[in-house]
Amino acid sequence: MNYSVEVENMCPVGKGAYHGPAPIPEEGKWVQAKEISDISGLTHGIGWCAPQQGCCKLSLNVKDGIIEEALLETIGCSGMTHSAAMCSEILPGKTILEALNTDLVCDAINTAMRELFLQIVYGRTQTAFSEGGLPIGAGLEDLGGTLRSQVGTMYGTKVKGARYLEMAEGYVTRMALDKDNYIIGYEFVNLGKLLKAIKKGDDANDAVKAATGNYGRFDEAVRYVDPREE
């Protein structure tokens, strides 16, 4: 260690009491975090690219400073999906400090990592007060049994109104309208269930019927509209 002449010539002064860092909540415990290995928690966050043309929802499950599980969900451009594919290999096994200083290919994913790092090291995780945190695999539970992201895609114009294209329940096939042309419900196909049934060997038409449901006052509609054609 090199010191300047000014510091070398200073007389030493005793240091007062040292209380350490303020404890932060981690998985049901209060922890004085001094090393990266002191950090644990599961949390989610959003990142965006510089031109704000796309975003990434990143979920990390960190145990003893190591990223044990990562879930990446992106929207915006095709390149982001390929970046997410690479990051699903890059992130697990790294410490959160390594991940923060790793090029995660897509700016939106890099930003999400930065935001999650801040949440995690400040004790603001989703599992801050959950004893023992959540097991590895909890990220998949966010997706449900069909392991698909919950996507909402809607479109609307002043002259023609709204078009529901995709909801959390699935791909919207029909919108239900009342006598005043107000939307009162919709019909959807759960794509995860549909593909699972077809893969199992079910007839495609039967699989579509089994995966189809509706929401709202669908049966009370005066007419039905295909949101992609009408």
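Our subject is the structure that appears above.
My aim in this report is to walk through the structure given alongside it, one point at a time. (Residues numbered from 1 in each chain as written. Predicted model: local features only at pLDDT ≥ 70, side-chain atom pairs only at ≥ 80, totals over all residues. Heavy atoms only, no water.)

### Things to note about a nonpolar patch on the surface
Side chains of Met1, Tyr3, Val7 and Met10 sit close together on the surface and give an oily, nonpolar patch of about 530 Å² of accessible area. With respect to the secondary-structure elements, Val7 resides in helix α1 (residues 5-8). Residue Val7 is classed as partly exposed on the basis of its relative accessible area, which comes to 40%. (Patch = residues over 30% accessible without salt bridge, like charges linked within 9 Å, V, L, I, M, F, W, Y side chains within 5 Å. Areas by Shrake-Rupley, 256 points an atom, 1.4 Å probe, with all protein chains shown as cover. Salt bridge = Lys/Arg side-chain N within 4 Å of Asp/Glu carboxyl O. Helix = DSSP H or I, 4+ residues; strand = E, 2+ residues; numbered from the N terminus. Buried < 20%, exposed > 50% of the residue type's maximum accessible area, 1.4 Å probe, protein only.)

### Quick notes on the pattern of salt bridges
Per the counting criterion, the structure on display carries eight salt bridges. Where Glu166 meets Arg148, a salt bridge forms, and the shortest distance between an N and an O atom there is 3.4 Å. Pair noted here: Glu166 is in strand β7 (residues 161-167) and Arg148 is in the loop between α5 (138-141) and β6 (153-157), with a separation of 18 residues, a long-range link. Since its relative accessible area comes to 13%, Glu166 is described here as buried. Taking relative accessible area as the criterion, Arg148 reaches 33% and is therefore assigned partly exposed. The shortest N-O distance in the salt bridge between Asp180 and Lys179 comes to 3.4 Å. Taking the relative accessible area as the measure of exposure, Lys179 reaches 67% and is therefore exposed.

### Topic: the side chain of Asn190
Locating Asn190 in the fold gives a position in the loop between β9 (183-189) and α6 (191-200). In terms of polar contacts, Asn190 uses its side chain to reach the backbone carbonyl oxygen of Glu169, at 3.5 Å. Polar side-chain contacts of Asn190 include one of 3.1 Å to the backbone nitrogen of Gly192. The residues touching Asn190, leaving out its near neighbours within four places in the chain, are Thr146, Glu169, Gly170 and Ala211. (Polar contact = N/O pair within 3.5 Å; in protein donor to acceptor, adjacent residues only side chain to side chain. Contact = heavy atoms within 4.5 Å.)

These figures come from the coordinates and say nothing about function on their own.
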